[in-house]
Amino acid sequence: MINLVYKIIRFVILATFILMSYLGFSQYKIPKKPSFIPPIIDSTNTLNANQKQFLFEKLKNYSDTTSTEVFVMIVSKTQNQEIKKYATDIAHEWKIGQKGSDNGIILLIAVDERTITIQTGYGVEHLLTDALSRRIIEQVIKPEFKTGNYFQGIDE
């Protein structure tokens, strides 16, 4: 009986140690929030300066006229994190969307991983559902990206 108790205690300690080490290795850092968050950040230089400026103005005008904040972020990788979680974590940490309205939308593109996601705040998810987001990605964005036309895919 005592031997069984020791085995159980050993198992619990070992399981706790493994779980703690797993959680420690799975941590990642969200990029530091800039003091000014432009509507588009391209850390990969996938877009040229004119394309970035055009999208900047378009997204800023959209935000000003609708109050919905659309944020486009192009990164090389998502730090071994699932892209949807990475996008959601950035949106929460950086407070994309208006306070109290939770009306932010983030389009995150991980170029090297060839993944894309659109994540919405609660205030706009009834307008831009997961199903509609998936259709936009599959039918509008991806076909342009496959031809190397990242600007057109994002612009549309």
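Residues numbered from 1 in each chain as written. Predicted model: local features only at pLDDT ≥ 70, side-chain atom pairs only at ≥ 80, totals over all residues. Heavy atoms only, no water.

Asks: Got a minute to help me understand the pattern of salt bridges in this structure?
Replies: When the charged atoms of two side chains with opposite charge come close together, those side chains can pair. What the rule picks out here adds up to five salt bridges. As a salt-bridge pair, Asp-89 and Lys-85 come within 2.9 Å of each other at their nearest N and O atoms. Here Asp-89 pairs with Lys-85, and both are found in helix 3 (residues 83-94), just four residues apart, close to one helical turn. Connected through shared salt-bridge partners, Arg-134, Glu-138 and Lys-142 make up one network. (Salt bridge = Lys/Arg side-chain N within 4 Å of Asp/Glu carboxyl O. Helix = DSSP H or I, 4+ residues; strand = E, 2+ residues; numbered from the N terminus.)

Asks: I tried to follow the environment of Leu-107 on my own but got confused; where do I start?
Replies: Relative to the assigned elements, Leu-107 resides in strand 3 (residues 104-110). Separated by 10 residues in sequence, Leu-107 and Thr-117 place their C-alpha atoms 5.8 Å apart. Discounting chain neighbours no more than four positions away, the residues touching Leu-107 are Phe-71, Val-72, Met-73, Ile-116, Thr-117, Ile-118, Ile-141 and Ile-154. (Contact = heavy atoms within 4.5 Å.)

Asks: Mind showing me how you'd approach the confidence of the model for the chain here?
Replies: Detailed reading of predicted coordinates is not advised where the pLDDT is low. Chain-level statistics for the chain give a pLDDT mean of 86 and a share of 83% at 70 or above. The low-confidence segment residues 22-26, where pLDDT is below 50, has one contact with residues more than four positions distant or belonging to other chains. (pLDDT = per-residue confidence, 0-100.)

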